[in-house]
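Structure at a glance
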Amino acid sequence: MKLTELFPELIKINIQDKQYELKFNTRAILQMEQDYPDAKEREKLILMDGADKKGNPLIEIRSTNDLINLLFAGLLHTKAFTDKDTLTDAIEPRDFGNYTNAVFAAFMQARLTPEQMEKLEVMSQANPSKKK
């Protein structure tokens, strides 16, 4: 199995005819902790609302403010938007569905799967770091 199969490319979104990658890294998590200090509130950000006919989870982000907060957190690594107001002015309501799907996909991508953990363990054992 190729690494690209285990670690796919980042999710991309378009804002004002420019493409950006969404990435929920440590900086994004810190931003989310700042926006939502209560851990239970952070857990409720993306509501899992059953599944479609194919078994794929359906999601619903509770508010426009939540969507902006999540987008801002996921875009922090790009340094393209200096603050949430700049991002708010750049996004369009007609694209909210695409943004919601992209945020969910980026969240799911940020979680390590058992297969990814196993591959990383095998790679670390095959290439041990040489410490002196």
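Preceding this paragraph is the structure being described.
Notes on the structure follow. (Residues numbered from 1 in each chain as written. Predicted model: local features only at pLDDT ≥ 70, side-chain atom pairs only at ≥ 80, totals over all residues. Heavy atoms only, no water.)

1. Section: the overall build of the protein
- For the protein, the count of helices and strands is 7 helices and 4 strands.
- Each helix and strand of the protein, ordered N terminal to C terminal, gives the series α-β-β-α-α-β-β-α-α-α-α.
- Every one of the 132 residues in the protein was classed for burial, and the buried ones make up 28%.
- The long-range share in the protein, meaning contacts at least 24 apart out of those at least 6 apart in sequence, stands at 59%.
- In the structure as shown, the protein presents an accessible area of about 9,300 Å², 50% of it carried by carbon and sulfur atoms. (Helix = DSSP H or I, 4+ residues; strand = E, 2+ residues; numbered from the N terminus. Buried < 20%, exposed > 50% of the residue type's maximum accessible area, 1.4 Å probe, protein only. Contact = heavy atoms within 4.5 Å. Areas by Shrake-Rupley, 256 points an atom, 1.4 Å probe, with all protein chains shown as cover.)

2. Re the layout of surface pockets
- Volume-wise, the largest pocket comes out at about 350 Å³.
- Forming the boundary of the largest pocket are 14 residues, of which M32, R42, E43, I46 and F107 lie nearest the centre.
- Contributing elements (two or more residues each) for the lining of the largest pocket: helix 2 (26–35), helix 3 (39–43), strand 3 (46–51) and helix 6 (96–110).
- When residues in the lining of the largest pocket are grouped by element, the largest group, 4 residues, is from helix 6. (1 Å grid on protein atoms, 1.4 Å probe; cavity = no way out; pocket = protein on both sides within 12 Å on 5 of 7 lines; lining within 4 Å. Points joined across faces, edges and corners; volume = space filled by probe spheres on them.)

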